[in-house]
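Commentary on secondary and tertiary structure
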Amino acid sequence: MPSLRIGAALAILLAIAISSLAQRMRFQDAEEEGPRPVFPSKAEFHFIRVEYTDAPQYHRRFGFASRRGTGNGWWVVDWPDAEDHFSAGIQRLTRIETGEPLHMRLTDDRLFDYPWIYATQTGWWGLNDAETMRLREYLLRGGFIVVDDFWGEEQWENFRETMDRVLPGKPISDIAESDSVMHVLYDIQDKDRTFIPGTRHLRMGPGGTVLVYQPEGTSPAWRAMYDDKDRMVVAVNYNTDVGDAWEYADSPMYPEQMTALAYRYGINYLIYSMTH
């Protein structure tokens, strides 16, 4: 029975990968996008993407991460386009001095130099003891992590169990509209807790329209974890794909209002992390 379950899980992952790649190919190629933007090597803020260990039963092998990126592991999905576009947006929309995006393992000592980090596909991570201890230390020392783009009950349980090891006894709760993170720069209201699609959720409709298909049985949720001082240290984007909205911010096929919402969430998280 265990081998059958593993086989079924691998078949599901293969189907997801094929579907995702086929959908992405309908969007513009990297050559059409032009060269990557250039950022200063040192600045006030750097987008830090976390490299982590996959759960062995869900390990993502080498493949496309975005239009211009390839790599191993689920941590790499949407790299480098998502952080390039989000970092450029921060430059345009705020006065924060923004430097080149970076990626590093949780066990990298440089992590403590940055107040804001990002991890995608965390429903399929499998943090080892060293990674778990390092993430706990990072958060308790004032760090802030945004987790994004994971779906359904199975992935939620894997994420929840992992965070229970990272911050034992700390609940994961829905973010209240009154929470300061929702108003630190942009006012985000309950009406804004809407589904932000990945490109795999978009289909061409009649007359060149783009139709959004939310996965059946999913409901977007914006949740958080807090430390002993009631400071948010984990922002949870569940059943929604903020990273794709950043990645395809330059594509006329991606819904503009969803990209705008993804930027508002991301920038609010960032400014909160730098001021609390």
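Placed above this text is the structure.
Summarised in this report is the structure supplied together with it. (Residues numbered from 1 in each chain as written. Predicted model: local features only at pLDDT ≥ 70, side-chain atom pairs only at ≥ 80, totals over all residues. Heavy atoms only, no water.)

1. Quick notes on the pairing of strand β4 (residues 102-105)
Heads up, the rule is: The cut-offs for exposure are 20% and 50% of the maximum accessible area for each residue type, with area from a 1.4 Å probe on protein chains only; residues under the lower value are buried, those over the upper are exposed, and the others partly exposed. Under the scheme used here, helices are H or I runs from DSSP no shorter than 4 residues and strands are E runs no shorter than 2 residues, and both carry numbers assigned from the N terminus. We treat two strands as partners when DSSP finds at least two bridges between them.
Side chains of β4 alternate between two faces, with L102 and M104 buried and H103 and R105 left unburied. The sheet contact formed by strand β1 (residues 48-51) and β4 spans 4 bridges and is parallel. Bridging across to β4, V50 finds its partner in M104.

2. Observations regarding the side chain of D179
Test applied: Charged-residue counts in this description rest on Lys and Arg as positive and Asp and Glu as negative, His and the chain ends being excluded. Salt bridge, as applied in this entry: a Lys or Arg side-chain nitrogen positioned within 4 Å of an Asp or Glu carboxyl oxygen. Distance and chemistry together define a polar contact, namely a pair of N or O atoms within 3.5 Å, with one atom able to donate a hydrogen and the other to accept it when in protein, and with adjacent residues in sequence counting only for side-chain atoms on both sides. Should any heavy atoms of two residues lie within 4.5 Å, those residues are counted as being in contact.
Relative to the helices and strands, D179 is located in the loop between β7 (173-174) and β8 (202-204). There is no salt bridge for the buried D179, and the closest opposite charge comes from R193, which lies 8.4 Å off by N-O distance. Here Y226 takes part through its side chain, which lies 2.6 Å from a polar atom of the side chain of D179. Apart from the residues within four sequence positions on either side, D179 is in contact with Y226 and M232.

3. Some details on the sheet that holds strand β6 (residues 144-150)
Strand order in the open sheet formed by 7 strands is β4-β1-β5-β6-β11-β10-β7, with mixed pairing between adjacent strands. Every other strand in the sheet has two partners, leaving β4 and β7 as the edge strands with one partner each. Strand direction decides the pairing type here: β7 and strand β10 (residues 221-226), joined by 2 bridges, are antiparallel. Directly across from D174, in β10, lies its bridge partner R223.

4. Details of the pattern of salt bridges
If you walk through the whole model with that rule in mind, you get 16 salt bridges. In this structure, R110 and D108 form a salt bridge, with 2.8 Å as the shortest nitrogen-oxygen distance. Across the pair D149 and R200 runs a salt bridge, and its minimum N-O distance is 2.8 Å. Note that D149 is positioned in strand β6 and R200 in the loop between β7 and β8, a separation of 51 residues in sequence. The class for D149 is buried, based on a relative accessible area of 1%.

5. A short note on helix α5 (residues 152-166)
What counts here: By definition here, a helix of n residues has an expected span of 1.5 Å times n minus one. What the arc measures is the spread of directions leading from the helix axis to the C-beta atoms.
For α5, built from 15 residues, the straight-helix expectation of 21 Å at 1.5 Å per residue is met to within 8% by its first-to-last C-alpha distance of 21 Å. Those residues of α5 lying buried are Q155, W156, N158, F159, T162, M163 and V166. One side of α5 holds all its buried residues, which, seen down the axis, span an arc of 165 degrees. Summarising the geometry of α5, the exposed residues directed more than 90 degrees from the buried face are E153 and E154. Elements that come into contact with the buried residues of α5 comprise α4 (129-140), β6, β10 and β11 (232-238).

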